[in-house]
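Working through the structure, step by step
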Amino acid sequence: MAKVSDHIRQANGKTIFSIEVIPPIKGDNLKNLLDNIEPLMEFRPPFIDVTYHREEYIERPEPDGTIKKIVTRKRPGTVGICAAILHRFGVDPVPHVLCGGFTKDETEDFLIDLNYLGIDNVLVLRGDPAKPFDTFKPKTNGYSYASELVRQVANMNRGIYLHEGETPMTPSNFCIGVAAYPEKHFEAIDHDTDFNYLKLKIENGADYIVTQMFFDNRKYFDFVKRCRQEGITVPIIPGLKPLTTRRQLQVLPRLFHLEMPSDFVKAVEACENDTQARQVGIEWCIQQSRELTKAGVPGLHFYTMGKSDNIVKIAQAVF
Ligand code: FAD
């Protein structure tokens, strides 16, 4: 199978179509997820990202009135889903690999599993704080920042494993993606600081960038311009999510720390129900996608959030 960077190179300037999927809630069937991917195969995605969801800390009231503290993962299965995507569609899966919830040794084991499965791509992330906490805390002997984890993957690509001294081992061959935020990561004090740490991820070995979703293309264009000024030359793939409900007008800015353009807000507010809002979301995303494609972006990466009918309509209009 191939690396994301190779897929971009082989596209020869043509914008490629890719998607991100989320593992089902624990106990749900994988069939729904795969059935939702199926209609998108018409648009030949060369790779499909699969998110990773770390542990959550839950307090559950028991019948005897006591509170039981539980540590659980609501959406396990990232590696299995990657293997299923590879097997069923023959498409390169891109598992997300997190700092959060992992020690360096657990990360190494995880990467070895991916390597043995023939998975050549990873999207390296710090991860969100474990729910219900507000701040990110690394595991003892884990990483605090994605740049550190990028270094571990890049080392493995050079045959340098943990605790193995100077003797070079069999190198892995991962293409490394990282995340970036056209509207700034919410914890960064300013854009300059955020850029410096993004640069560090690239210096440590990242091959390409995928952006957080945005609804105003200007934010992406300004961000790419600034990256190029700062000497970041890797491909920068825009991440897009079509709005699907009226409520998302409030939810998405709060969760993802982004601004909605006023024209878009007005159009969604004028909708009488979610069916209309979903249609406005599709049309807005088509306009965004067309402008980005015209500007020659390497790819359009769609956050499917478990549904594909709207992405099919967008892809039909754009690809
Ligand atoms: P980092 O690059 O480590 O940055 C985090 C913050 O720390 C930033 O504010 C940065 O400026 C700052 N920083 C970085 N390095 C340093 C340093 N050395 N010293 C001080 N400050 C520093 N989350 C999941 O849990 N699972 C997923 O599957 C997932 N997929 C995602 C996919 C994409 C495309 C995107 C954009 C996000 C995804 N996320 C996912 C969310 C992501 O984990 C969060 O946004 C997280 O808060 C930051 O991750 P990061 O890799 O960008 O972190």
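These lines cover the structure that appears in this document, whether it is placed above or below. Please read these numbers as outputs of a predicted model, since none were measured by experiment. (Residues numbered from 1 in each chain as written. Predicted model: local features only at pLDDT ≥ 70, side-chain atom pairs only at ≥ 80, totals over all residues. Heavy atoms only, no water.)

**Some points on helix α5 (residues 146–157)**
Heads up, the condition is: Helix and strand definitions follow DSSP, with helices as H or I runs of at least four residues and strands as E runs of at least two, each counted in order from the N terminus. Each helix should span, by expectation, one fewer than its residue count multiplied by 1.5 Å. Categorising residues by exposure relies on relative accessible area from a 1.4 Å probe, with only protein chains included: less than 20% of the type maximum marks a residue as buried, more than 50% marks it as exposed, and the intermediate range marks it as partly exposed. Throughout, a contact is declared for two residues whenever any of their heavy atoms are within 4.5 Å.
The end-to-end C-alpha distance of α5 is 17 Å, a good match for the 16 Å that 12 residues give at a rise of 1.5 Å each. Looking only at α5, the buried set comprises Ala146, Ser147, Leu149, Val150, Gln152, Val153, Ala154 and Met156. Packing partners of the buried residues in α5 comprise β5 (92–98), α4 (104–117), β6 (121–125), β7 (175–180) and α6 (191–203). Positive backbone phi, approximately 85°, marks glycine 159, located one or two places after α5.

**Remarks on the packing of helix α7 (residues 217–229) against helix α10 (residues 274–294)**
Using the following cut-off: Comment: axis = line fitted to C-alpha atoms, over the contacting stretch for helices; angle = value between 0 and 180 degrees taken between N-to-C directions. Working definition: roughly parallel below 35 degrees, roughly antiparallel above 145 degrees, roughly perpendicular at 65 to 115 degrees, and oblique for all remaining angles. Note on convention: near helix rotated counterclockwise from far helix by under a right angle means a left-handed crossing. Clockwise means right-handed. Throughout this entry, Asp, Glu, Lys and Arg are counted as charged residues, while Ala, Val, Leu, Ile, Met, Phe, Trp, Tyr, Cys and Pro are counted as nonpolar. The remaining residues, Gly among them, count as polar.
Packing of α7 against α10 leaves a shortest axis separation of 10 Å and a crossing angle of 25°. In terms of their interaxial angle, α7 and α10 are classed as roughly parallel. Every pair of crossing elements has a handedness; the one defined by α7 and α10 is right-handed. Taking contact as the criterion, the partners of Asn217, Tyr220 and Phe221 in α7 are, on α10, Gln288, Glu291 and Leu292. In the contact of α7 with α10, the residues fall into three nonpolar, two polar and one charged.

**Quick look at the site of the ligand**
For the record, the criterion: In these notes, residues near a molecule or strand are those with any non-hydrogen atom within 4 Å of it. Side-chain atoms alone can form a polar contact between residues adjacent in sequence; in general such a contact is a pair of N or O atoms within 3.5 Å, and within protein one must be able to donate a hydrogen while the other accepts it. Per-residue and other accessible areas follow the Shrake-Rupley method at a 1.4 Å probe size, with only the shown protein chains counted as cover for residues.
Of all residues adjacent to the ligand, which total 23 residues, the nearest are Tyr52, Tyr181, His185, Asp194 and Lys201. Within the contact set of the ligand, a nitrogen atom lies 2.8 Å away from a backbone nitrogen or oxygen of tyrosine 52. For the ligand, the accessible surface in isolation is 980 Å², of which the surrounding protein chains cover 87%. Here the shell around the ligand takes three residues from α6, the largest share from any one element. Residues of the shell around the ligand, tallied by class, amount to 12 nonpolar, five polar and six charged.

**Let's talk about the state of the cysteines**
Our working rule: By convention in this document, the label disulfide applies to cysteine sulfur atom pairs within 2.5 Å.
Tallying each qualifying case throughout the model produces zero disulfides. Left unpaired, cysteine 175 is separated from the closest cysteine sulfur, that of cysteine 82, by 14 Å. Note on cysteine 227: no disulfide assigned, nearest cysteine sulfur contributed by cysteine 175 at a separation of 17 Å. In this structure cysteine 227 comes out as buried when scored by relative accessible area, which is 0%.

**So, the sheet that holds strand β10 (residues 299–303)**
Test applied: Whether two strands pair comes down to DSSP finding at least two bridges between them.
Strands sit in the order β1-β2-β5-β6-β7-β8-β9-β10 around a closed barrel of eight strands; the barrel is parallel. Strand-to-strand, the axes of this sheet are offset by a mean angle of 30°, without reference to chain direction. Sheet topology note: the β6/β7 ladder contains four bridges and is parallel. What sits directly across from valine 124, in β7, is valine 178. In the packing of helix α3 (residues 78–89) onto the sheet, the strands contacted are β1 (16–21), β2 (47–50) and β5, and the crossing angle to β5 comes to about 170°.

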